Amino acid sequence: MNISKRTILLIVAVVSIAAISITIRESRRRAETPKIEAASAAFKALGSSLKAYRIHMGDYPSTEEGLLGLVRPSERRKERWNGPYFDAASVPIDPWGNPYQYRNPGTKNSTAYDLWSLGPDGVASGDDIGNWPK
């Protein structure tokens, strides 16, 4: 079997490119892990605030009221509102600098609300991180 030097160099180049690609992808994934964990912690904090809101108001904020309902009352809820239900001047943003998304009633949590981050790419896609089971 006679393999030319050019063929060997081509094989080495292809394998090297594949290895570099895998290394870069793994590095990006590892860099995102702390941000994913921070988003999950924010879900817990926002979830506690949403529970307190529900206990006081009788239900969760509507999709239209959104998470802002935790920091200021909507017109229809002014009478009963006893907030703010979150210890911040405004609703926090996710670790990638985007607002958290909220929907009530939920479509992924049919008995409650959906709360999620659009993830690293900032658009609805497969990297979204939510409060629903995986």
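Residues numbered from 1 in each chain as written. Predicted model: local features only at pLDDT ≥ 70, side-chain atom pairs only at ≥ 80, totals over all residues. Heavy atoms only, no water.

S.K.: Can you help me understand the side chain of Arg77 in this one?
M.R.: As for its position among the elements, Arg77 is in the loop between helix 1 (5-57) and strand 1 (101-103). A distance of 2.6 Å separates polar atoms of two side chains, one belonging to Arg77 and the other to Asp59. Here Tyr60 takes part through its backbone oxygen, which lies 3.5 Å from a polar atom of the side chain of Arg77. Beyond its immediate stretch of four places on either side in the chain, Arg77 contacts Tyr53, Met57, Asp59, Tyr60, Pro61, Ser62 and Glu65. (Helix = DSSP H or I, 4+ residues; strand = E, 2+ residues; numbered from the N terminus. Polar contact = N/O pair within 3.5 Å; in protein donor to acceptor, adjacent residues only side chain to side chain. Contact = heavy atoms within 4.5 Å.)

S.K.: Teacher, can you tell me more about unusual backbone geometry here?
M.R.: Leaving glycine aside, a negative phi is the common case for residues, and trans is the common case for peptide bonds. Here the amide bond leading from Gly83 into Pro84 is cis, since omega sits at 10°, within 30 degrees of zero. With respect to the secondary-structure elements, Pro84 resides in the loop between helix 1 and strand 1. Note that the residue after Asn104, namely Pro105, is joined by a cis bond; omega there is 5°.

S.K.: What is the right way to read a nonpolar patch on the surface from this model?
M.R.: Side chains of Ile3, Ile8 and Val12 sit close together on the surface and give an oily, nonpolar patch of about 250 Å² of accessible area. With respect to the element layout, Ile3 can be found in the segment before helix 1. On the basis of relative accessible area, Ile3 is assigned to the partly exposed category, the value being 43%. (Patch = residues over 30% accessible without salt bridge, like charges linked within 9 Å, V, L, I, M, F, W, Y side chains within 5 Å. Areas by Shrake-Rupley, 256 points an atom, 1.4 Å probe, with all protein chains shown as cover. Salt bridge = Lys/Arg side-chain N within 4 Å of Asp/Glu carboxyl O. Buried < 20%, exposed > 50% of the residue type's maximum accessible area, 1.4 Å probe, protein only.)

S.K.: I would appreciate a short explanation of the pattern of salt bridges in the present structure.
M.R.: Should their charged atoms come close, side chains of opposite charge can pair. By the definition in use, this model includes 5 salt bridges. Overlapping salt bridges, with partners in common, bring together Asp59, Glu65, Arg76 and Arg77 in one network.

S.K.: Would you mind going over the packing of aromatic side chains with me for this structure?
M.R.: In this description, a pair of aromatic rings is defined by centroid distance and the angle of the planes. Taken as a whole and assessed by the stated rule, the structure comprises 6 aromatic pairs. With a centroid separation of 5.6 Å and 85° between ring planes, the pair formed by Trp81 and Tyr85 is classed as edge-to-face. The pair Trp81 / Tyr85 is uniform in exposure class, with both members buried. Taken together, Tyr53, Trp81 and Tyr85 form an aromatic cluster joined through their ring pairs. (Phe/Tyr/Trp six-rings, centres within 6.5 Å; stacked < 30°, edge-to-face > 60°.)

S.K.: How should I be thinking about the sheet that holds strand 1 in this particular structure?
M.R.: Hydrogen bonding along the main chain pairs the strands of a sheet, whether they run parallel or antiparallel. Strand order in the open sheet made by the 3 strands is 1-2-3, with antiparallel pairing throughout. Strands at the two margins of the open sheet, each flanked by one partner only, are strand 1 and strand 3 (129-130). (Pairing = 2+ DSSP bridges.)

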